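A look at the structure
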Amino acid sequence: MPPVITCAAALNPTINVYGVETLIDRITYALNLDSEDIHFAQGTKTYFNKCLQDLFDVYLHKYGTTPTPHDTMGTSSSGTSRDVNLNLNNEMLNEFSKRARGITPSSELGRYIGTNFLAFMPPTVFKEFDILAWWKTNEASFPILSAMARDVLTVQASTVPSESEFSFSGRVLSIRRTRLTPLAMEMCTCLKDHLDAMERIQDQTSLEDEIQAEEVIHNNEVDLGISEPVTDEELAEDARLRSSSSEDNAQE
């Protein structure tokens, strides 16, 4: 797992560092990763903690030292739940109570790691936990870590959204549209979407389809010398590629 993933998980107060270490142990056992290296889990946890500390040091250097505020995390809830979705809540509570290590209370990262946030969190809150709202609320208590969370939690855990966006853009940019000026390209795409919306056919068409006005606009830009003309061969090849792409998408 990339460090950005484990660090992001640690910045979830319902998981924290102890939770990440517990998950590393469980993944190691489930995938039998310690069969060849019995120190695999410990080495992975050591590397994770080093990455988290190094990242914190970068932000500490950038934002400077901060005073140690008095945290107000709400009231503790002694209620329990049999909801299977809250198993992780109980596991993290148990893990936190079992683990104890020396943590410098003056360190913001140390205070965060050493605070049992789940003890102040009712199961219902855990089940619908809003991590962004939590960091917004506790920004004053953990100013440096909140800046870390703001940056780290925006990192996509998957490349699917970005790849999908590039794929979609490639289909929208036809050969004629690539010759239009950026302003005309944006205008034509928005106009098509607007016209489809007026006819309530957005679910039946896509932005890939050009509108008749695009050819007129492109010809005007060619006459003005601000766009390159398109040959019949290029248009035919573009149509062939689009047809092939549509068939592939239908099969998927």
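Throughout this description, residue numbers start from 1 for each chain and increase along the sequence as written. Where totals are concerned, whole chains, interfaces and linings use all residues; where local detail is concerned, this predicted model gives features only for residues with pLDDT of at least 70, and gives and counts side-chain atom pairs only at 80 or more. As a rule here, side-chain values cover all heavy atoms of the structure and leave hydrogens and water aside.

1. Points about the overall build of the protein
Here is the rule we go by: Numbering goes from the N terminus for both helices and strands, where a helix is a DSSP run of H or I of at least four residues and a strand is a run of E of at least two. Partly exposed residues are those whose accessible area sits between 20% and 50% of the maximum for their type, while under 20% is buried and over 50% is exposed, using a 1.4 Å probe and protein chains only. When checking whether two residues touch, look at their non-hydrogen atoms; a contact exists if any pair is within 4.5 Å. Where accessible areas are quoted, they stem from the Shrake-Rupley method and a 1.4 Å probe; at the residue level, only the protein chains shown are allowed to cover.
Scanning the protein from terminus to terminus reveals 13 helices and zero strands. In the protein, the succession of α and β elements from N to C terminus is α-α-α-α-α-α-α-α-α-α-α-α-α. By residue count, 31% of the 252 residues in the protein fall in the buried class. For the protein, restricting intrachain contacts to residue pairs at least 6 apart in sequence, the fraction spanning at least 24 positions comes to 72%. Surface summary for the protein: the accessible area is close to 16100 Å², and the carbon and sulfur share equals 56%.

2. Examining helix α11 (residues 182-198)
Let me state the cut-off plainly: To estimate the expected span of a helix, subtract one from its residue number and multiply by 1.5 Å. Working note: the arc is built from the helix axis to C-beta atom directions.
The end-to-end C-alpha separation of α11 is 24 Å, in line with the 24 Å expected for 17 residues at 1.5 Å each. Among the residues making up α11, those that are buried are A184, M185, C188, T189, K192 and D196. For α11, the angular spread of buried residues about the axis comes to 135°, placing them on one side. Opposite the buried face of α11, at more than 90 degrees from it, the exposed residues are P182, L183, E186 and M198.

3. Comments concerning the layout of surface pockets
To be explicit about the condition: Every definition here rests on a 1 Å grid over the protein atoms only: cavities are sets of points where a 1.4 Å probe fits but cannot get out, pockets are open sets enclosed by protein on both sides within 12 Å along at least five of seven lines, and lining residues have some atom within 4 Å of a point. Grid points are joined across faces, edges and corners, and a volume is the space filled by probe spheres set on the points. In this count, Pro and Cys sit with the nonpolar residues alongside Ala, Val, Leu, Ile, Met, Phe, Trp and Tyr, while Asp, Glu, Lys and Arg are called charged and the others, Gly among them, polar.
Its volume calculated, the largest pocket comes out at about 220 Å³. Around the largest pocket, the lining residues are Y63, L132, W135, K136, E139, P143, S146, A147, A149, R150, L153 and T154. Listed by contribution, the elements that provide at least two residues to the lining of the largest pocket are α7 (131-137) and α8 (143-152). With five residues, α8 is the largest single contributor of residues to the lining of the largest pocket. Of the residues in the lining of the largest pocket, the class split is seven nonpolar, two polar and three charged.

4. Details of helix α2 (residues 16-30)
Between its first and last C-alpha atoms α2 spans 21 Å; for 15 residues at 1.5 Å apiece the expected length is 21 Å, and the two agree. Looking at α2, one finds that the buried residues are N16, V17, Y18, G19, V20, E21, T22, I24 and T28. Of the residues flanking the end of α2, it is N32, one or two places downstream, whose phi is positive at about 55°.

5. Remarks on the side chain of E221
Structurally, the position occupied by E221 is in helix α12 (residues 212-224). Not counting the four nearest positions on each side in its chain, E221 is found in contact with R179, L180, T181, A184, I226 and S227.

6. Concerning the pattern of salt bridges
Going by this rule: Think of a salt bridge as a Lys or Arg side-chain nitrogen and an Asp or Glu carboxyl oxygen that are within 4 Å of each other.
As enumerated under the stated definition, the model contains nine salt bridges in all. A salt bridge links K50 to D54, with the nearest nitrogen and oxygen atoms 2.7 Å apart. Separated by four residues within a single helix, K50 and D54 lie in helix α3 (residues 40-63), roughly one turn from each other. Two residues, K192 and D196, come together in a salt bridge whose shortest N-O distance is 2.6 Å. Here K192 pairs with D196, and both are found in helix α11, just four residues apart, close to one helical turn. Of the two residues, K192 and D196, both sit in the buried class.

7. A word on the packing of aromatic side chains
Our working definition: Pairing of aromatic side chains here covers Phe, Tyr and the six-membered ring of Trp, requires ring centres within 6.5 Å, and sorts the geometry by plane angle: under 30 degrees stacked, over 60 edge-to-face, intermediate tilted.
Tallied over the full model, the rule gives nine aromatic pairs. A ring pair is formed by Y112 and F142, whose centres lie 5.8 Å apart and whose planes are at 85°; its orientation type is edge-to-face. Linking Y112 in helix α5 (residues 108-114) with F142 in the loop between α7 and α8, this pair joins segments that are 30 residues apart in sequence. Pair check on accessibility: Y112 and F142 agree, each one buried. With a centroid separation of 6.4 Å and an interplanar angle of 75°, the aromatic rings of W135 and F142 are classed as edge-to-face. With a relative accessible area of 0%, F142 lands in the buried category.

8. Details of the nonpolar core
As a reminder, the rule being used: Among buried residues, the Ala, Val, Leu, Ile, Met, Phe, Trp, Tyr and Cys ones that are joined through side-chain atoms within 4.5 Å form a nonpolar core.
In this structure, L52, Y112, W135 and L145 are the most contacted members of the largest nonpolar core, which totals 28 residues. Mapped by element, the contributors of at least two residues to this core are α1 (3-10), α2, α3, α5, α7 and α8. The leading source of residues in this core is α8, at six residues. Discounting chain neighbours no more than four positions away, the residues touching L145 are L11, F56, E108, L109, Y112 and W135.

9. Side note on the confidence of the model for the protein
Where the model shows low pLDDT, its predicted coordinates should not be examined in detail. For the record, the criterion: Confidence of the predictor at the level of single residues is captured by pLDDT, which takes values from 0 to 100.
Mean pLDDT for the protein: 80, with 74% of residues reaching 70 or above. Across residues 67-82 the pLDDT falls below 50, and counting only partners more than four positions away or on other chains, this stretch makes 25 contacts in the model.

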